[in-house]
Amino acid sequence: YFIQSNLRVMSFEFFSTMWDYSSWAIKWSTLLMLVTPLVLIIWFYVMGIAAHVYKWRKQEVYEAFNDSFWDGFRMSLAAIMEAQGKIWHNFEFEGLNNLPKKTGALLVGYHGALPLDTFYFLAHSLLEGRKVKIVVDRFLYNAPGLRLLMKVFNCTPGTIDGCVSALRKGELLVIYPGGLRESLLSDENYELIWHARNGFSRAALEADVPIVPFFTENIREAVRSVKISARFSSWLYEKTRLPIIPIIGIFPVQLKMHFDRPIYFDDEEEPRIVADIVTSRVKDLISTHQEVPGSIVRELYNRFWLKRSNHDHSE
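To start, this report covers the structure provided alongside it. The residue numbers shown here count from 1 along each chain, following its written sequence. The model is predicted, so local features are restricted to residues of pLDDT at least 70 and side-chain atom pairs to those at 80 or more, both for listing and for counting; the totals for chains, interfaces and linings are taken over all residues. Only heavy atoms go into the side-chain values, all of them from the structure, while hydrogens and water stay out.

## Some points on the sheet that holds strand E9 (residues 256-259)
Inference 1: What makes two strands pair is DSSP finding at least two bridges between them. Numbering of helices and strands starts at the N terminus; helices are DSSP runs of H or I of at least 4 residues and strands are runs of E of at least 2. Pairing is mixed in the open sheet, where 7 strands are placed in the order E1-E9-E6-E2-E5-E3-E4. In this open sheet, the two edge strands, each paired with only one partner strand, are strand E1 (92-94) and strand E4 (155-156).
Inference 2: In this sheet, strand E5 (residues 172-175) lies alongside strand E2 (residues 105-109) in parallel orientation, the contact comprising 4 bridges. Bridge assignment links Ala105 to a residue of E5, and that residue is Leu172.

## Thoughts on the pattern of salt bridges
Inference 1: Any carboxyl oxygen of Asp or Glu that lies within 4 Å of a side-chain nitrogen of Lys or Arg is treated as forming a salt bridge with it. Taken as a whole and assessed by the stated rule, the structure comprises 10 salt bridges.
Inference 2: We note a salt bridge from Asp260 to Arg261, for which the minimum N-O separation is 4.0 Å.
Inference 3: In this scheme, a residue with accessible area under 20% of its type's maximum is buried, one over 50% is exposed, and one in between is partly exposed, where area comes from a 1.4 Å probe on protein chains only. Asp260 sits in the buried class, given a relative accessible area of 12%.
Inference 4: The salt bridge partner of Asp276 is Arg272, with a shortest N-O separation of 3.0 Å. Of this pair, Asp276 and Arg272 both sit in helix H11 (residues 271-289), 4 residues apart, roughly one helical turn.
Inference 5: Residue classification places Asp276 among the partly exposed residues on the basis of a relative accessible area of 42%.

## Regarding the nonpolar core
Inference 1: Judged by nonpolar contacts, the single largest core of 70 residues is most densely connected at Leu106, Leu107, Phe121, Phe200 and Ile211.
Inference 2: Looking at which element gives the most residues to this core, the answer is helix H3 (residues 116-127), with 7 residues.
Inference 3: Every residue in contact with Ile211, bar those within four places of it in the chain, is listed here: Leu106, Val108, Phe200, Ser201, Ala204, Arg261, Pro262, Ile263, Phe265, Val274 and Val278.
Inference 4: Counting residues in hydrophobic clusters, the runner-up holds 7 residues, among them Leu184, Leu185, Leu236 and Ile245. For the purposes of this section, nonpolar cores are sets of buried Ala, Val, Leu, Ile, Met, Phe, Trp, Tyr and Cys residues that join through side-chain atoms within 4.5 Å. Residue contacts are defined here by distance: any two heavy atoms, one from each residue, within 4.5 Å place the two residues in contact.

## Structural notes on the environment of Arg224
Inference 1: By the element assignment, Arg224 lies in strand E7 (residues 223-225).
Inference 2: Counting along the chain gives 112 residues from Arg224 to Gly112, while the straight-line C-alpha distance between them is 8.2 Å.
Inference 3: Other than its neighbours up to four places away in sequence, Arg224 contacts Ala113, Glu188, Pro246, Ile247, Ile248, Gly294, Ser295 and Ile296.
Inference 4: As used in this structure description, the phrase polar contact means that two N or O atoms lie within 3.5 Å; if the pair is within protein, one of them must be able to donate a hydrogen and the other to accept it, and residues adjacent in sequence are counted only when both atoms belong to side chains. A polar contact of 2.9 Å, which involves the side chain of Arg224, links it to the backbone oxygen of Arg220.
Inference 5: Side-chain polar atoms of Arg224 contact the backbone oxygen of Gly294, separated by 3.2 Å.

## Some thoughts on the packing of aromatic side chains
Inference 1: Side-chain rings of Phe, Tyr and Trp (the six-membered ring for Trp) are treated as a pair once their centres are within 6.5 Å; stacked means planes under 30 degrees apart, edge-to-face means over 60, and tilted covers the remaining angles. Counted under the stated rule, the structure contains 13 aromatic pairs.
Inference 2: Between the aromatic rings of Tyr190 and Phe215, the centroid separation amounts to 5.6 Å while the plane-to-plane angle is 80°, which identifies the pairing as edge-to-face. Here Phe215 lies in strand E6 (residues 211-217) and Tyr190 lies in the loop between helix H7 (179-185) and helix H8 (199-207), a separation of 25 residues in the sequence. Across the pair, Phe215 and Tyr190 agree in class, each one buried.

## Quick notes on the side chain of Gln290
Inference 1: Tracing the chain through its elements places Gln290 in the loop between H11 and helix H12 (296-314).
Inference 2: At a separation of 2.7 Å, a polar atom in the side chain of Gln290 contacts the main-chain amide nitrogen of Asn218.

## Some details on a negative patch on the surface
Inference 1: Surface patches are drawn from residues lacking salt bridges whose relative accessible area is over 30%; two like charges belong together within 9 Å, two nonpolar side chains (Val, Leu, Ile, Met, Phe, Trp, Tyr) within 5 Å. The accessible surface values rely on the Shrake-Rupley method and a 1.4 Å probe; as for residues, cover is taken only from the protein chains in view. Under the convention used here, Asp and Glu are negative, Lys and Arg are positive, and both His and the chain ends fall outside the count. A charge is said to be at NZ when it belongs to Lys, at CZ for Arg, at CG for Asp and at CD for Glu. A surface patch of like charges, here negative, comprises Asp208, Asp266, Asp267 and Glu268.
Inference 2: Structurally, the position occupied by Asp266 is in the loop between E9 and H11.

## Observations regarding the pairing of E9
Inference 1: Pairing geometry for E1 and E9, over 3 bridges, is parallel. Bridge pairing in E9 places Glu92 opposite Lys256.
Inference 2: As judged from the 4 bridges shared by E6 and E9, these two strands associate in the antiparallel manner. If you follow Glu217 over to E9, its bridge partner there is Lys256.

## Digging into helix H2 (residues 69-89)
Helical periodicity: at 3.6 residues per turn, an α-helix aligns residues three or four positions apart in one direction.
Inference 1: One less than the residue count of a helix, multiplied by 1.5 Å, gives the span that helix is expected to have. Its 21 residues place the ends of H2 30 Å apart at the C-alpha level, agreeing with the 30 Å of an ideal helix rising 1.5 Å per residue.
Inference 2: Those residues of H2 lying buried are Gly72, Arg74, Met75, Ser76, Ala78, Ala79, Glu82, Ala83, Gln84, Gly85 and His89.
Inference 3: The backbone nitrogen of Asp71 has a side-chain oxygen 3.1 Å away, supplied by the residue at the start of H2, namely Ser68.
Inference 4: The first or second residue beyond H2 is Asn90, which carries a positive phi of 45°.

## Details of the environment of Ala230
Inference 1: Relative to the assigned elements, Ala230 resides in helix H10 (residues 230-240).
Inference 2: Counting along the chain gives 45 residues from Ala230 to Leu185, while the straight-line C-alpha distance between them is 7.1 Å.

Purely geometric stuff here, so don't read any function into it on its own.
The following block contains the structure:
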């Protein structure tokens, strides 16, 4: 009886141990099967970007490193960003010839949940040798560990005096009047949330430079802010003024950045009137180039299936 009892206990412990081990092995082997392809895809994607960087921008990066380390670092990241935009979003520009080549200009547009268009435009401009300054939210500029990166890429918190100085030096200055509020609270209907801001128009008038309205098609389909309710999200932002509303993406939809014709104003023009004109032009760009409400599924279909189907029919 004693031997039989011990055998039963030993058998139970053995099978219990084997079951625990089998469960562990199944769980981790399943996770490994899911993660390994993802790691390989990311690795191949990184190598693809590196190959495109070498193909498109090797000369610019090489020359920049010869000048200084920081120039080389800046140009390397710009080349990576440009390649990522072309591969993942098939990123395109329309109306680049509308940007003044010899004078400064204020570029004013709609703020997506994540300003991918700004990254790609900044990268393109750096690689083409054009100085661009980006006005960013003070929270981002002062975030721990990011200030050096902001300085390397010529970002600024955007005082009016600082903007005027940059514009008078002939730089292109990108500004989103809606700021973080528009980034987090706007949605697939692409409504501007500028709250009668006219500081940007005052800067343009004082610097005596044109304003170029712009809009990036499908920027809300690339990255979406996730809101429980519009009213609660608005209350949460106004109470905290922090980007604590979550976002999802980055979906590989087609992105196209549209630049409108430059608008020239007299020095005596009222800033409020200038701001109203620019607001109207940005709304016109949205109504012309964006299907509203936006749809992530529709834009993925348009890029990957509709274009492929049209290409097959043309052949």
